[in-house]
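Results of the structural survey
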Amino acid sequence: LHLSIARSGEDCEMYKLVAASCLVAAACGQFVEPKNAKILKEQRFNAGDGRFGSAFAQEDGTVYREETSADGERIGQYSYIDNDGKTITVRYTAGKDGFRILEGAHVPTGATGLESAAFVAESPAQVAAPVQ
């Protein structure tokens, strides 16, 4: 019970960080070149049981958050300000089944990767022995 309460507190703080950073970043986002954007907030956690994550917000409106479970599955989201001043947010998952977009209003229908063909690794090409 104690771990679940502590974890809820971590989540709450992480969400507060992301929400506050989004507001600050949105206010400043149109005045900063992305390559020169300063990091306004950064947070990392390691739960000690294999779970870990991080989050950051930049002054250009870029916001990132990702958590990894003990079995290596990741879930996260990132946001940025597009050329029209609109905030674009993408939620995703990544792990043994590959990278999948869960949500992103700007992503064309069918481009989430959910309907994509399975990855099949090709066998390496046979290299002929050098002629002597």
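Here, every reference points to the structure presented above.
Here's what I pulled together on the structure shown here. Computed from a prediction, not measured in an experiment: that's the story for all the values here.

As a further point, take the pattern of salt bridges. Close approach of charged atoms allows side chains of opposite charge to pair. Going through the model one piece at a time under the given rule, you end up with 5 salt bridges. The partner of Arg44 in a salt bridge is Glu42, with the nearest N and O atoms 2.6 Å apart. With relative accessibility at 48%, the residue Glu42 sits in the partly exposed group. Of the charged contacts in the structure, one is a salt bridge between Arg65 and Glu67, with a shortest N-O distance of 2.6 Å. A single burial state applies to Arg65 and to Glu67, both of which are buried.

We now examine the environment of Lys96. With respect to the helices and strands, Lys96 occurs in the loop between strand 5 (87-95) and strand 6 (98-103). Assessed through its relative accessible area of 73%, Lys96 is described here as exposed. Taking C-alpha positions, Lys96 is 9.4 Å from Asp71, a pair spaced 25 residues apart along the chain.

We now examine the pairing of strand 6. Where a strand is regular, its side chains alternate between the two sheet faces. As judged from the 5 bridges shared by strand 5 and strand 6, these two strands associate in the antiparallel manner. Counterpart to Ala94 in the pairing with strand 6 is Phe99. Hairpin connection between strand 5 and strand 6: a loop of 2 residues separates the two successive antiparallel strands.

Tallied over the full model, the rule gives 3 aromatic pairs. Each ring, one from Tyr92 and one from Phe99, has its centre 5.3 Å from the other, and the planes form 25 degrees; the classification is stacked. Among the aromatic side chains, those forming a connected cluster through ring pairs are Tyr78, Tyr92 and Phe99.

What follows is about the sheet that holds strand 1 (residues 39-46). Sheet strands pair by backbone hydrogen bonding; their relative direction is either parallel or antiparallel. Pairing within the open sheet is antiparallel, and its 6 strands lie in the order 1-2-3-4-5-6. Of all strands in the sheet, those with a lone pairing partner are strand 1 and strand 6, marking the two edges. Each neighbouring strand pair of the sheet contributes to a mean axis angle of 15 degrees, computed without reference to strand direction. Both strand 2 (residues 52-58) and strand 3 (residues 63-68) contribute to a ladder of 6 bridges, which runs antiparallel. Residue pairing across strands places Ala57 opposite Val63, the latter belonging to strand 3.

Below, the discussion takes up the side chain of Thr68. Considering the arrangement of structural elements, one finds Thr68 in strand 3. Taking relative accessible area as the criterion, Thr68 reaches 6% and is therefore assigned buried. Once residues lying within four places of it in the same chain are set aside, the contact partners of Thr68 are Gly50, Arg51, Phe52, Glu73 and Arg74.

Quick look at the pairing of strand 1 now. With 7 bridges connecting them, strand 1 and strand 2 associate as antiparallel partners. Among the inter-strand pairings, Asn46 is bridged to a residue of strand 2, identified as Phe52.

Reading the values: rules and limits
Residues numbered from 1 in each chain as written. Predicted model: local features only at pLDDT ≥ 70, side-chain atom pairs only at ≥ 80, totals over all residues. Heavy atoms only, no water. Salt bridge = Lys/Arg side-chain N within 4 Å of Asp/Glu carboxyl O. Buried < 20%, exposed > 50% of the residue type's maximum accessible area, 1.4 Å probe, protein only. Helix = DSSP H or I, 4+ residues; strand = E, 2+ residues; numbered from the N terminus. Pairing = 2+ DSSP bridges. Phe/Tyr/Trp six-rings, centres within 6.5 Å; stacked < 30°, edge-to-face > 60°. Axes fitted to C-alpha atoms, helices over the stretch in contact; angles between N-to-C directions. Contact = heavy atoms within 4.5 Å.

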